[in-house]
Amino acid sequence: MAVMQRIKKPTTRKGKKVLLSKEPKPVEGPKQCIFLQGRNPSDRARKVLRDIYDLKKPDAAFLNRKNDFVPFEDATLIEKICYKKEAALFGVSSHSKKRPHNVILGRTFNYGVLDMIELGAENFKAMSEFHNMKVLAGLKPCLLFNGPAWDLNQDLKRLKSLFTDFFYREKVETIRLQGLEHVLSFTATDDGNIFVRSYRILLKKSGQRTPRVELEEIGPSIDFKLRRTRLASDDLIREACRVPRELKPITKKNISKDAFGSKMGRIHMGKQDINRLQTRKMKGLKKSAEEKKEMLLKKKIAKKEAKAQAINSQ
Amino acid sequence: MDIVNDILEREQKKAEKYKPIVVEKHLELEFDVGTLLTSDTNDLDSKLIKSDQERDIYLQSLARDNTQLLLNKIWELPTERIDEAIVVRLPQPTTVLPRAKPVPKPKPLTKWQEFAKAKGITKTKKSKLEWDEQLQKWVPLYGFRKAAAEKEKNWLIPVPQNLDPMTDMYEKKATEKSEKVAKNELQRLKNIARARKVKIPRVGLPITSDKASSTQLATATSVAKASTASLGKFQDKLPKEKEARGKGVHELIPGKERKRKLPVPTPAAEKEQNLSMIDRILRKRPKIDMEKAVSKHINEEQLQRSEEKKSMKPMKGRGKPKGKGNATNFSAKKPKGGKGQRNPSKKNPGRKRR
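On a predicted model such as this, the values are computed, not experimentally measured, just so you know. The residue count restarts for each chain, going from 1 along the sequence in the order it is written. Here every chain gets a letter starting at A, and every ligand a number starting at 1, in the order they are written. The model is predicted, so local features are restricted to residues of pLDDT at least 70 and side-chain atom pairs to those at 80 or more, both for listing and for counting; the totals for chains, interfaces and linings are taken over all residues. Working from all heavy atoms in the structure, the side-chain values ignore hydrogens and water.

**Q** An account of the interface of chain A and chain B is requested, with residue identities and associated values reported.
**A** Of the residues lining the interface, 70 residues belong to chain A; the matching set on chain B comes to 55 residues. Note on chain A versus chain B: buried area summed over both sides is about 6,000 Å², and carbon and sulfur give 62% of it. Basic side-chain nitrogens of Lys or Arg form a salt bridge, by our definition, when they fall within 4 Å of a carboxyl oxygen of Asp or Glu. One can count six salt bridges joining chain A with chain B. For Glu 214 of chain A, the salt bridge identified is with Lys 19 of chain B, shortest N-O distance 4.0 Å. Pairs of N or O atoms are called polar contacts if they sit within 3.5 Å, as long as, within protein, a hydrogen donor faces a hydrogen acceptor (for residues adjacent in sequence, only side-chain-to-side-chain pairs). Seen at the junction of chain A and chain B, the total is 31 residue pairs in polar contact (both at pLDDT 80 or more). Helix and strand labels come from DSSP, where a helix needs a run of H or I of at least four residues and a strand needs a run of E of at least two; each type is numbered from the N terminus. For the side of chain A that touches chain B, the secondary-structure elements that each account for two or more residues are β4 (102-109), β6 (142-146), α5 (154-168), β7 (174-176), β8 (182-188), β9 (193-204) and β10 (212-217) of chain A. The greatest single-element share of the side of chain A that touches chain B, amounting to six residues, is contributed by β10 of chain A. For this classification, the nonpolar set comprises Ala, Val, Leu, Ile, Met, Phe, Trp, Tyr, Cys and Pro, the charged set comprises Asp, Glu, Lys and Arg, and every other residue, Gly included, is treated as polar. Residues of the side of chain A that touches chain B, tallied by class, amount to 31 nonpolar, 15 polar and 24 charged. DSSP calls a pair of strands paired once it identifies at least 2 bridges connecting them. Bridge count for β7 of chain A against strand β4 (residues 85-89) of chain B is three bridges, and the pairing is antiparallel. Counterpart to Ile 175 of chain A in the pairing with β4 of chain B is Val 88 of chain B. Should any heavy atoms of two residues lie within 4.5 Å, those residues are considered in contact. What counts as buried area is the accessible surface, traced by a 1.4 Å probe, that two parts surrender upon association, with contributions from both included.

Below, the structure written as structure tokens:
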């Protein structure tokens, strides 16, 4: 499915407004997310999704109904629901003997599935099992990606981007220093284990301006195992990552900065005519009346020739 | 000196009271402060991460160190005060995330917009209300209360003299209006098709309520003739029939694709092209139809001969050659027939004797 130009006109003003709001925009808001239940999800898988939903909350919807479908075989249902709910991210929980406690996280582009990554929740401790104060909903969390595996493995590289997409929320210009409360830590090992931990930041005095950071685990704590993946082709990713022209910074030509930070400009000059250069005025160098007359005549002839040439060339 | 030492000692004690904010790392971390993201590429302690008891403590200490480093970076940024809250201005994020929908394309222009742009026609704003002299009140241009005003205004419509006196002028007006709406809708659809580059079937002739003009009829016949499976190849022609010509007619006739000329690359090439065309025209010689020329020539000769004969006849009558008294020009002698000698090389091999 793709964004289509409608043929039928909207009949009501409100309908028109809704359709306009669904049109692609240069700057997009926070990505909406839907959480679905697959065929017979286990309690653990469902709770994992529920906790991710709690972390993502203002921009997410949790759909309780079970759906008899397998996303890796047929993703049309996801595309349909994403179209209906205007969502770009999705999570599906399922459970089978072959793949116990399965959680599929993915994202869409232009209402078609872009990436889909399957994770098995091997260990899980829910948010409710940590008896302490949680963070406010809708906070922008700090994201930590630990371990060299994030950059080495192609699947994990995409998973890193996917996790960032899930918890990035929105581009902000400014952030309140006291609002930095939440940390999500993703640690990947070489054998495909991903440990997701969530902490609350406690800012302590350090005797300096920058505070000392202490962390308190607030949950959820999930140990994921990487399973199947379906990644988008590089072409599609490039298409999806395109920056609209309005947002591209306008480069100013011929302006540069040197090592000391001073601004340098380059100016293009025409060729200088040395003959007409005004030097020191002296009586001896002054032109006589005859010389002046001659010069004028020369100029006239030159002008005439130029005109004739122009006509010829036409 | 005692005082100085005292102060230094006190300061040291104070520093000992607080835990440090500096973290040592083997490899430098990568920060994306704009997205509040840190990636730590240092090797993990495999022993600690595999043991179930110590893993959580290790992960927490790792997370603490990395968070400390990230917050150190953030606290370095310039701060502002907005509504009694201290905020920092974040730099541009460096991580590129895919969009949810493709980058919006500029809306394609409609045919009218294109034309207006080419001609430099700008939209003039009309006032929403206009003073109606007949009704003596302000009437809206469209929408609410326009229809009522129109109804009030047209309580009576005279039938023009050239029309049937029984025509319902209200009905006529309504059909005209609905036709206008339909035409507008058709044009809107055409614009959409053009924007999507979809080929749409030809509508053919424009629907007119009045009689069709001769050019329209000619076009219609041409189109109808070409609308067979073989594109009108085997269709007979009427005597004096002409193919329809004019702007846009060619496109209507099926099977007639217009060949576009390539644009002229340079002015010099254009000049050469034009000169060669003039040359071609000036060099033209009349075409010679050999058969026609020959028959014409023969005809001329015959005419000349007959003229000669006519002019010769009176001469004949006046001065007859003396020896030939016979008017019919018959000789009394019998035909000799080759005198009995057969000559096979001759066309007439002579009389056969028995």
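**Q** Describe the UniProt feature "domain: Brix" (unreviewed entry) in chain A, with residues and values.
**A** UniProt tags residues 31-235 of chain A as "domain: Brix" (unreviewed entry). Secondary structure across residues 31-235 of chain A divides into 21% helix and 40% strand, with the first and last C-alpha atoms of the span separated by 22 Å. UniProt positions are given in the numbering used here, feature names are shortened, and annotations may be inferred rather than shown by experiment.

**Q** Could you give an account of the packing of aromatic side chains, with specific residues and numbers?
**A** Residue and element names in this part refer to chain A. Ring pairs are drawn from Phe, Tyr and Trp, using the six-membered ring of Trp, whenever the two centres fall within 6.5 Å, and their geometry is named by plane angle: stacked under 30 degrees, edge-to-face over 60, tilted for the rest. The tally for this structure, following the rule as stated, stands at 12 aromatic pairs over all chains. Look at Tyr 53 and Phe 62: their rings are 5.5 Å apart centre to centre, the planes differ by 45°, and that puts the pair in the tilted class. Note on Phe 62: relative accessible area 13%, which makes it buried. Taking the centre distance of 5.0 Å and the plane angle of 90° together, the rings of Phe 145 and Trp 150 count as edge-to-face. One exposure class covers both Phe 145 and Trp 150, and it is buried. Aromatic ring contacts, followed pair by pair, group Phe 35, Tyr 53, Phe 62, Phe 145, Trp 150, Phe 163, Phe 166, Phe 167 and Phe 186 into a single cluster. The criterion is that NZ of a Lys, or CZ of an Arg, lies within 6 Å of the ring centre and within 35 degrees of the ring normal, and then a charge sits over that ring. The ring of Phe 62 has Arg 50 sitting right over it, with the charged end atom 4.1 Å from the ring centre. Residue placement shows Arg 228 over the ring face of Phe 72; its charged tip is 4.5 Å from the ring centre. When accessible area is computed with a 1.4 Å probe and restricted to protein chains, residues below 20% of their type maximum are described as buried, those above 50% as exposed, and intermediate ones as partly exposed.

**Q** Describe the domain arrangement of chain B, naming the residues involved and giving the relevant values.
**A** Start and end positions for the domains come from either an automated domain assignment or a database one. Domain assignment breaks chain B into domain 1 (19-88), domain 2 (128-157) and domain 3 (170-201). For domain 1 of chain B and domain 3 of chain B, the distance between their C-alpha centroids amounts to 64 Å.

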